[in-house]
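The residues making up each chain are set out below.
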Amino acid sequence: MRKNNFCIIMAGGVGSRFWPFSREEKPKQFLDFFGTGRSLIQSTFDRFRKIIPVENIFVVTNQAYAGLTHEQLPELGESQILLEPMRRNTAPCIAFATYHIKAINPDANIVVSPADHLILKEDVYISEIQKGLDFVASNDVLLTLGIKPSRPETGYGYIQINNESKKGIHRVKTFTEKPDRELAEVFCESGEFVWNSGIFIWSVKSIMAAFTKFLPDIVAKFNEGLEFFNTPAEKKFIDESFPFCQNISIDYGIMEKADNVYVIEADFGWSDLGTWGSLHEVSQRDASNNASINCNALYIESYDNIIAMNNNDKLVVVQGLEDYIIAESDNALLICKKSEEQRIKNFVTDVKFRFSDKYI
């Protein structure tokens, strides 16, 4: 049974909301935020190798990060690192990896995960993943992991759970994109909603049927090179075909439309580490709710801040600040209200336009 279990780690993003730490040449999935000696992608790999054979683990990333991926995951063979010629969101990424795995084992069951999640309760996480893999092996479903919300978070998508269930795994009623604060509070109080973790589990047969039904253009394009997958000719075919794929997420393209979507409601200390604010939430903080990453910091009349430096010999002294991000890496320093961190992506665009790519 174990030989039928596969894993896709998605690692092609640039992580611009974590600028200036996350840069185009070395985005956040390749960084060690917590001083553990393992980057986020290495920690993700470490978790999955406990239940998935190493030869069945595949990383999909941008071709610009081929070297970094080989360097950080030397356990993977060259054919296990699938290179996208350009970014096309999660649906084409997952389709590419699924076609590759299908050519190896058409009976495969697959767990799909981003490379940059933080999991604090790894034993619980592994148990839920194994439960999900066992479930999809005998049920034609698209399964996702939902996280019990601990606060009315506006940065996550939400999943409404139906009472209908199989073996304690619930059918999904609705998906909702990032809500405003008022709606997020309603969701949390209702007890019917979980956070959308972006972690999926399904069989090759189930996800291929969903692609065929909901994203037929992607299927038609990849079917043109069906005989090339898992052969030396695959890369040339993908380089030529991938740019023609629709730029669309798996959530919007399939999960929100399919009627066989189920969710495991779980609590394993999850954070998607998508923002400085989410890093602040999971970091050790002082009595004034200040977090210091990779530096010494003296906070004077300052509250609810996060300071991150790329030199742990550096001392930072701040006075009179509340709810701020202060982050320095190499040649760039960011000082930004934590409550307005969604604007960081816009700041990065402005920096690129007004100054130089050397800051990006």
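Below or above, wherever it landed, is the structure these notes cover. On a predicted model such as this, the values are computed, not experimentally measured, just so you know.

## Some remarks on a nonpolar patch on the surface
Now for step 1: Among the surface-exposed residues, Leu298, Ile300, Leu315 and Val317 lie close enough to one another that they form a single nonpolar patch of about 360 Å² accessible area.
Now for step 2: At the level of elements, strand E13 (296–300) and strand E15 (315–319) are the ones that each hand at least two residues to the nonpolar patch.
Now for step 3: Among the structural elements, Val317 can be located in strand E15.

## Examining the pattern of salt bridges
Now for step 1: Under the definition given, this model contains 16 salt bridges.
Now for step 2: One salt bridge in this structure joins Arg38 and Asp46, with 2.8 Å as the shortest N-O distance.
Now for step 3: Given a relative accessible area of 23%, Asp46 falls into the partly exposed group.
Now for step 4: Ionic pairing is found between Arg151 and Glu153, a salt bridge with its closest N-O pair at 3.1 Å.
Now for step 5: Overall, the relative accessible area of 22% leaves Arg151 in the partly exposed class.
Now for step 6: Among the ionic contacts, a cluster of salt bridges with common partners joins Arg47, Lys50 and Glu122.

## Notes on the pairing of strand E7 (residues 158–166)
Now for step 1: Bridge count for E7 against strand E9 (residues 193–203) is three bridges, and the pairing is antiparallel. Within the sheet, the bridge partner assigned to Tyr158 lies in E9 and is Trp195.
Now for step 2: Pairing of E7 with strand E8 (residues 169–176), which is carried by six bridges, proceeds in the antiparallel orientation. The residue bridging Ile161 from the neighbouring strand is Val172, located in E8.
Now for step 3: The antiparallel pairing of E7 with E8 creates a hairpin that spans two residues between the two strands, and Lys167 there sits at a positive phi of about 55°.

Rules used throughout
Residues numbered from 1 in each chain as written. Predicted model: local features only at pLDDT ≥ 70, side-chain atom pairs only at ≥ 80, totals over all residues. Heavy atoms only, no water. Patch = residues over 30% accessible without salt bridge, like charges linked within 9 Å, V, L, I, M, F, W, Y side chains within 5 Å. Areas by Shrake-Rupley, 256 points an atom, 1.4 Å probe, with all protein chains shown as cover. Salt bridge = Lys/Arg side-chain N within 4 Å of Asp/Glu carboxyl O. Helix = DSSP H or I, 4+ residues; strand = E, 2+ residues; numbered from the N terminus. Buried < 20%, exposed > 50% of the residue type's maximum accessible area, 1.4 Å probe, protein only. Pairing = 2+ DSSP bridges.

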